Amino acid sequence: QVQLVESGGGLVQAGGSLRLSCVASGSFSSINSMGWYRQAPGKQRELVALVTSGGGTNYADSVKGRFSISRDNAKNTVYLQMNNLKPEDTAVYYCYARVVLTPTLQYPYWGQGTQVTVSS
């Protein structure tokens, strides 16, 4: 069983900052990619940022230059530093991890989500 537990969401004014954290726990060999998706009311879930086990990153165009993703492999933790937040960043943010369960089996896991609300 693998669990992803997020923290760090909340309410912030436009232009402010928040830092999200997500810790993976359970029985697994390692974690391939980790990252964050978000879903606003009435919209589909979308990628925010991903980081590979080697440190490669990928960002949505809408957050480039404002958000920064990082991970601590020793702690199985991924972080999302969000700066210059905008009202359109308001959404439930979900942690994602592609977990290596065995040498031949990988599986995607999701956190329960954390609300980020940006007021104008």
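Quick note: structure is the one above.
Below: a short report on this structure. None of these values were measured; they are calculated from a predicted model.

### Brief notes about the sheet that holds strand β7 (residues 67-72)
Within a beta sheet, neighbouring strands are joined by backbone hydrogen bonds and run either parallel or antiparallel to one another.
Part 1 of the reasoning: One open sheet holds the four strands; their spatial order is β1-β3-β8-β7, and the pairing between them is antiparallel. The open sheet terminates on both sides in strands that have one partner only, identified here as β1 (2-7) and β7. Going across the sheet, the axis of each strand differs from the next one's by a mean of 15°, ignoring polarity.
Part 2 of the reasoning: The sheet contact formed by strand β3 (residues 18-26) and strand β8 (residues 77-82) spans six bridges and is antiparallel. Looking at β8, one finds that Leu-18 is bridged to Met-82.

### With respect to the nonpolar core
Part 1 of the reasoning: Core analysis: the largest hydrophobic core is formed by 32 residues, its most contacted members being Trp-36, Leu-80, Met-82 and Tyr-93.
Part 2 of the reasoning: Listing elements by their share of this core, those giving two or more residues are β1, β3, β4 (30-39), β5 (46-51), β7, β8, β9 (91-102) and β11 (114-119).
Part 3 of the reasoning: In terms of residues, this core owes the most to one element, β9, which gives five residues.
Part 4 of the reasoning: Among all residues touching Tyr-93, those that are not within four sequence positions of it are Glu-6, Leu-20, Trp-36, Tyr-37, Arg-38, Val-48, Phe-67, Leu-80, Met-82, Gly-113, Thr-114 and Val-116.

### Examining the side chain of Ser-21
Part 1 of the reasoning: Among the structural elements, Ser-21 can be located in strand β3.
Part 2 of the reasoning: A relative accessible area of 16% places Ser-21 in the buried class.
Part 3 of the reasoning: In this structure, Ser-21 is in contact with Val-5, Glu-6, Ser-7, Trp-36, Val-78 and Tyr-79, ignoring residues within four places of it in sequence.

Calculation rules
Position labels on residues start from 1 in each chain and follow its written sequence. For a predicted model such as this one, the threshold for reporting local features is a pLDDT of at least 70, and the threshold for listing and counting side-chain atom pairs is 80 or more; totals across whole chains, interfaces and linings nevertheless cover every residue. Neither water nor hydrogens contribute to the side-chain values; these are computed over all heavy atoms in the structure. Two strands form a pair only when DSSP identifies at least two bridges running between them. Helix and strand labels come from DSSP, where a helix needs a run of H or I of at least four residues and a strand needs a run of E of at least two; each type is numbered from the N terminus. Only the stretch in contact is used when a helix axis is fitted, and all axes are lines through C-alpha atoms; the angle between N-to-C directions ranges over 0 to 180 degrees. Only buried residues count toward a nonpolar core. Its members are Ala, Val, Leu, Ile, Met, Phe, Trp, Tyr and Cys residues joined through side-chain atoms within 4.5 Å. Only protein chains enter the accessibility calculation, which uses a 1.4 Å probe. A residue is then buried if its area is under 20% of the maximum for its type, exposed if over 50%, and partly exposed in between. Contact criterion: two residues are considered in contact whenever any of their non-hydrogen atoms come within 4.5 Å of each other.

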